Amino acid sequence: MAEHSIPAIGKQNGHPVLMVDGKPFIMLAGEVHNSDSSSPEYMEKIWDIAEELGMNALLLPVTWELVEPEEGSFDFSVPEALIRQARERDMRIGFLWFGSWKNAECMYAPAWVKQDLKRFPRAQIEKGKNKTGRQVSPTIPVKMPYTTLSYLGKETVKADAKAFAAFMGFLKEFDGEAHTVVTVQVENETGLLGAAREVSDEADALFASPVPADFAAYMRSHTDTMTDGIRDAVLSGKESGTWTEVFGGAADELFSAYHTARFVNTVAEAGKAVYPLPMTANCWLDKDGAPGDYPTGGPVSKVHEVWQFCAPCIDVLCPDIYVPQFKEVCDEYTRRGGALCIPECATHSYAAPRLLYTVGHYHTMCYSPFGFDDIGKPFTAVQGFLFGMDVTDPALKTPQDFGEYGTLGKILREMMPMLAEAYGSDRLQALSGETDPMTEHPSGIPFLATPPSMDFGSFTVTVTFKNMMNPRNDGACLCLKVTEEECWVVGNACRLDLRSGRADRPNLDLLSVEEGTFENGKWIPRRRFNGDETAQMMMNAPSVWHIRFFTYE
Ligand code: DGJ
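Criteria and thresholds
- Residues numbered from 1 in each chain as written.
- Predicted model: local features only at pLDDT ≥ 70, side-chain atom pairs only at ≥ 80, totals over all residues.
- Heavy atoms only, no water.
- 1 Å grid on protein atoms, 1.4 Å probe; cavity = no way out; pocket = protein on both sides within 12 Å on 5 of 7 lines; lining within 4 Å.
- Points joined across faces, edges and corners; volume = space filled by probe spheres on them.
- Helix = DSSP H or I, 4+ residues; strand = E, 2+ residues; numbered from the N terminus.
- Nonpolar A, V, L, I, M, F, W, Y, C, P; charged D, E, K, R; others polar.
- Near = heavy atom within 4 Å.
- Polar contact = N/O pair within 3.5 Å; in protein donor to acceptor, adjacent residues only side chain to side chain.
- Areas by Shrake-Rupley, 256 points an atom, 1.4 Å probe, with all protein chains shown as cover.
- Disulfide = S-S within 2.5 Å.
- Buried < 20%, exposed > 50% of the residue type's maximum accessible area, 1.4 Å probe, protein only.
- Contact = heavy atoms within 4.5 Å.
- Salt bridge = Lys/Arg side-chain N within 4 Å of Asp/Glu carboxyl O.
- Expected span 1.5 Å × (residues − 1).
- Pairing = 2+ DSSP bridges.
- Axes fitted to C-alpha atoms, helices over the stretch in contact; angles between N-to-C directions.
- Parallel < 35°, antiparallel > 145°, perpendicular 65-115°, else oblique.

Visitor: Outline empty space enclosed by the protein, supporting the account with residue identities and numerical values.
Guide: Summed over all chains, the structure comprises one cavity of 30 Å³ or more. Reported here for the largest cavity is a volume of approximately 70 Å³. Lining the largest cavity we find Met27, Leu59, Gly94, Phe95, Leu96, Thr183, Val184, Gln185, Thr280, Cys341, Pro343 and Cys366. Looking at the lining of the largest cavity, the elements that each hand over two or more residues are strand E6 (92-102) and strand E9 (181-188). Partitioned by chemical class, the residues of the lining of the largest cavity number eight nonpolar, four polar and no charged.

Okay, here's the thing in structure tokens:
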């Protein structure tokens, strides 16, 4: 790929990667709090924190209300200032277009959109009501006021797409050569709360009309990748007919997904026609809730086939992960072959291990803790509520240590060319205490349990996390194979054991273990490990080791 081609999603070793200036780029990112990027002045200290954490990119909201305060009159001075700040620090940006949707509401629509209820209709979750109470939880008796723009609003999608296209035009003009901006998220956590679908007269009429034939046919021919509930609904429905006839009990949600995804695609398409950066759509997960409990129609895994059909201009569907089932969500969002891109995750003590794990195991395109400037600070009750966090695991309540994240982040940032080159190959692997516990021994005796290992063919790296010598469970370990007898290991709170993987040369001896650091991409060895430090290869602090060894008969 040419040096100056536009950032794009490409493939390396069959694996999807974000290509920037001809090379895979790993977004070691952080997402700022919603209001921070409205002020470049305020952002100065946030950029400083990002640098301390080893980040190479920030995810920054750019809001419809600020860029088009009056219809047709655009102001891109804030995103321009943000791009300049990023360039000064050799950082990249993924902009987040807060347009018609923000967390299933329409708070970032400009005043002229909000005030014109006729031209820009609101979603009705109760017939005839523009704003109404929605039950937040079965255990909370009070209803929260709720409103959002309708996904059927023809003028709304037109106006949103026009504004987005103007924004992409500005990016092309101002950044089309430098490529400081590498991705754009279209809208934020789309979907409808309080009901599985809109119930206006228009929505009811559409819902009672035939399902578009091409969509019905697509769904029937893509049942192999579907989640069970949707597959059952599709297979037991009619081939054509109304939404209920074709999709049975899943009809409401599929109707919402169809219209939401088409809306988002129309916006993305208008932007891509001007400047085709990689575009993403993020998701408030369903957390096993019923439609309406979570933003319904948004890209939760079970409706990915709908989004694939209706939103071809969206390159990656992304989970915002605040739930403890981190690995399950990553597996679900990658099993159809798409790139992993995590625009939001919590800042608890799994934040740094998950960074190592997603780079080393999933070869992620982006990993980005939300409100990263809170790393190191205890959670407030409000954060717990906003993040919807399950705090049954104490490690989820413990804030991520700032220094640990920063050390690991900086190591990965320095190693990026090596890591990116190994994306899509099994030369790069990772394990974590959270997702790869020891396999319990039937006797129940803890030290007989089997720790997980990474298999590199000629050698294996076995990693023990929580054990009698290491009380922490939030360790992680990434290993990059260089040759058959050499590797890099980045890890924390874990113990390593290297063994030969070759039947003909079953023994392995260490030759050298260097602990050190990288400066401007150059390896600076510090301590030469041997003796106690290699008898028990404990990584007690975030570190990178360069290990050489040989195998013999
Ligand atoms: C998810 C949203 O996408 C973010 O913008 C933010 O509101 C967080 N939730 C939590 O506050």
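More follows now that the structure is in view.
Visitor: Quick one: what's the story with the site of the ligand, residue by residue and with numbers?
Guide: Around the ligand sit twelve residues in total, of which Asn34, Lys102, Asn103, Asn188 and Glu344 are the nearest. Between asparagine 34 and the ligand, the recorded distance is 2.9 Å, taken from a side-chain N or O atom to an oxygen atom. The contact in question runs from an oxygen atom of the ligand to an N or O atom on the side chain of asparagine 188, over 2.9 Å. Out of a free accessible area of 290 Å², the ligand has 93% covered by protein chains. Across the shell around the ligand, the residue classes tally to four nonpolar, four polar and four charged.

Visitor: Account for the state of the cysteines, with residues named and values stated.
Guide: Under the defined criterion, the tally for this structure stands at zero disulfides. The thiol sulfur of cysteine 330 is not disulfide-bonded, and the nearest other cysteine sulfur, from cysteine 345, lies at 9.0 Å. Judged by relative accessible area, which is 0%, cysteine 330 ranks as buried. Cysteine 366 supplies the cysteine sulfur nearest to cysteine 345, a cysteine that is in no disulfide, at a spacing of 8.9 Å. A relative accessible area of 1% means that cysteine 345 is categorised as buried.

Visitor: So what's going on with the side chain of serine 500? Which residues, and what values?
Guide: Structurally, the position occupied by serine 500 is in strand E20 (residues 494-500). Of the residues examined, serine 500 reaches a relative accessible area of 14% and is grouped as buried. For serine 500, the side chain forms a polar contact with the main-chain nitrogen of arginine 502, separated by 3.0 Å. At 2.6 Å, the side chain of serine 500 and the backbone oxygen of arginine 505 are in polar contact. Sequence-distant contacts of serine 500, that is, excluding residues within four places in its chain, are made with Ser458, Phe459, Arg505, Pro506, Asn507, Leu508 and Thr551.

Visitor: Outline the pattern of salt bridges, supporting the account with residue identities and numerical values.
Guide: Counted by the stated rule, this structure contains 31 salt bridges. Across the pair arginine 87 and aspartate 175 runs a salt bridge, and its minimum N-O distance is 2.6 Å. Remark: aspartate 175 occurs in helix H5 (residues 154-175) and arginine 87 occurs in helix H3 (residues 77-88); sequence separation between them is 88 residues. A salt bridge links lysine 272 to aspartate 315; its shortest N-O distance comes to 2.7 Å. Of this pair, lysine 272 sits in helix H10 (residues 251-274) while aspartate 315 sits in the loop between helix H11 (304-310) and strand E11 (316-321), placing them 43 residues apart in sequence. Here the salt bridges share partners, and the residues they tie into one network are Lys127, Arg197, Asp201, Asp204 and Asp252.

Visitor: Go over helix H13 (residues 351-362), please, and point to the residues and values.
Guide: Here H13 contains twelve residues, and its C-alpha end-to-end distance of 15 Å stays within 8% of the 16 Å for a straight helix at 1.5 Å per residue. In terms of burial, H13 is a largely internal element, eleven of the twelve residues being buried. Along H13, the residues that are buried comprise Ala351, Ala352, Pro353, Arg354, Leu355, Leu356, Tyr357, Thr358, Val359, Gly360 and Tyr362. Just beyond H13, the residue with positive phi is histidine 363, at close to 50 degrees.

Visitor: Can you lay out the sheet that holds strand E15 (residues 428-432) for me, pointing to particular residues and giving the numbers?
Guide: Across the sheet, which stays open at both edges, the six strands sit in the order E15-E18-E19-E24-E21-E22 with antiparallel pairing between neighbours. What marks the edges here is a single partner per strand, and that holds for E15 and strand E22 (522-529). When strand polarity is set aside, the average angle formed by the axes of neighbouring strands in this sheet is 30 degrees. Across five bridges, the pairing between E15 and strand E18 (residues 476-483) is antiparallel. Its bridge partner lying in E18, serine 432 is registered against alanine 476. Against the sheet, H13 makes contact with E15, E18 and strand E19 (486-492), and its axis sits at roughly 145 degrees relative to E15, the strand it touches most. Taken strand by strand, helix H16 (residues 402-422) contacts E15, E18, E19, strand E21 (507-519) and strand E24 (543-552), and its axis lies near 150 degrees from that of E19.

Visitor: Any chance you could break down the sheet that holds strand E1 (residues 8-12) for me, citing the residues and the numbers?
Guide: Sheet strands line up and pair through hydrogen bonds in the backbone, either parallel or antiparallel. Pairing is antiparallel in the open sheet, where three strands are placed in the order E1-E2-E3. On the outer flanks of this sheet lie E1 and strand E3 (23-24), each paired with one strand and no other.

Visitor: How would you sum up the environment of glutamate 344? Please name residues and give values.
Guide: Note on placement: glutamate 344 falls in strand E13 (residues 344-345). Classification of glutamate 344 as buried rests on a relative accessible area of 6%. The sequence separation of glutamate 344 and leucine 59 amounts to 285 residues, and the corresponding C-alpha distance is 9.3 Å. Excluding anything up to four places from it in sequence, glutamate 344 contacts Glu31, Asn188, Glu189, Asn282, Pro319, Asp320, Ile321, Tyr322, Ser368 and Phe370.

Visitor: Could you give an account of the packing of helix H1 (residues 40-52) against H16, naming the residues involved and the relevant values?
Guide: Running from N to C, H1 and H16 cross one another at 70 degrees; their axes reach a closest spacing of 8 Å. Of the possible angle classes, the one that applies to H1 and H16 is roughly perpendicular. From H1, Ile49, Glu51 and Glu52 reach across to H16, where they touch Phe402, Gly406 and Lys410.

Visitor: Describe the pairing of strand E10 (residues 279-284), and please don't skip the residues or the numbers.
Guide: Remember that side chains alternate between the two faces of the sheet whenever the strand is regular. For E10, the buried fraction is high: five of the six residues fall into the buried class. Relative to E10, E9 runs parallel, the two sharing two bridges. The residue bridging valine 184 from the neighbouring strand is methionine 279, located in E10. In this structure, E10 lies alongside E11, joined through five bridges in parallel fashion. From the neighbouring strand, cysteine 283 faces E11, where its bridge partner is proline 319.

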